[in-house]
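Structure assessment
Listed here are the chains, written in short residue letters.
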Amino acid sequence: RSFAIIGVQLTATCAMIAGAFFASRALARTENQVFPLFLISGLVPIALVASYSGMEAPFLIFLIGLVLFLLSRQRFGWLLPLCLFLFPLVRPDAVAISCLMLLAMFVVSRKYSLIGLLATLLGVGALAAFNLLTSGSVTVKTARAKEISYHPSFAPSALFHRAMDVLFGRSFATPFDSKYLYAIAPLFGVVALLGV
């Protein structure tokens, strides 16, 4: 019914807030830094858009924040493998995030990184099984539909052009998408690259 839309938005907003909180707790060096970091990360316009857009981004942010928090506290119980299992189910290409988290786990504990790897593989397997049951294919049908619709070129020059557009054209690093920021978007891209 119509209240489902509000329910999804409220759930997504809660996930976004929790993800920002966990990430702030993980990344802050002192207790005094937690609240300002949480406030900035939770209130930037892109976070607000993610929280009410009805997409999977808030749930992905929640999982990333929770995994960062668990890794920073070296808590390798059942919750960390569960998060790694859920990454591909929330968004198939989030397996890349799982791999980054597994590298961080490998540095801290090889034993738990193997458990995390198993959880990630189980998540990928579960996604493939669900896709097979619902659509008859192990791959995500919407991804193939987008590829057919947009006909992206995979030539090196086309990939380079898209990368430059993401970094410096309408940079992903701008705090919000606005025609007033397009002129200085390359500056945000440079700052983001220097920050990495």
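Scroll up to find the structure this text is about.
Here is a short report on the structure shown in this document.

About the criteria used
Residues numbered from 1 in each chain as written. Predicted model: local features only at pLDDT ≥ 70, side-chain atom pairs only at ≥ 80, totals over all residues. Heavy atoms only, no water. Helix = DSSP H or I, 4+ residues; strand = E, 2+ residues; numbered from the N terminus. Contact = heavy atoms within 4.5 Å. Areas by Shrake-Rupley, 256 points an atom, 1.4 Å probe, with all protein chains shown as cover. Lys, Arg positive; Asp, Glu negative; His and termini not counted. Charge placed at Lys NZ, Arg CZ, Asp CG, Glu CD. Expected span 1.5 Å × (residues − 1). Buried < 20%, exposed > 50% of the residue type's maximum accessible area, 1.4 Å probe, protein only.

What follows concerns the overall build of the protein. For the protein, the helix and strand inventory stands at ten helices and zero strands. Its helices and strands in sequence order give the protein the pattern α-α-α-α-α-α-α-α-α-α, from N to C terminus. Referenced to the eigenvectors of the C-alpha coordinate spread, the extents of the protein come out at roughly 50 × 50 × 45 Å. Counting contacts in the protein only where the partners sit at least 6 residues apart, residues at least 24 apart contribute 48% of the total. Here the protein displays about 12,800 Å² of accessible surface, and carbon together with sulfur accounts for 73% of that area. Across the protein, the 14 positively charged side chains and the 6 negatively charged ones have centroids separated by 7 Å.

Time to look at helix H7 (residues 110-135). Across its 26 residues, H7 extends 37 Å between first and last C-alpha, which sits within 8% of the 38 Å expected from 1.5 Å per residue. Along H7, the residues that are buried comprise Ser 113, Gly 116, Ala 119, Thr 120, Gly 123, Ala 126, Leu 127 and Asn 131. Against helix H5 (79-90) and helix H6 (95-108) lie the buried residues of H7. Of the residues one or two after H7, Gly 136 is the one with positive phi, at around 85 degrees.

Don't take any of this as a statement about function, it's just geometry.
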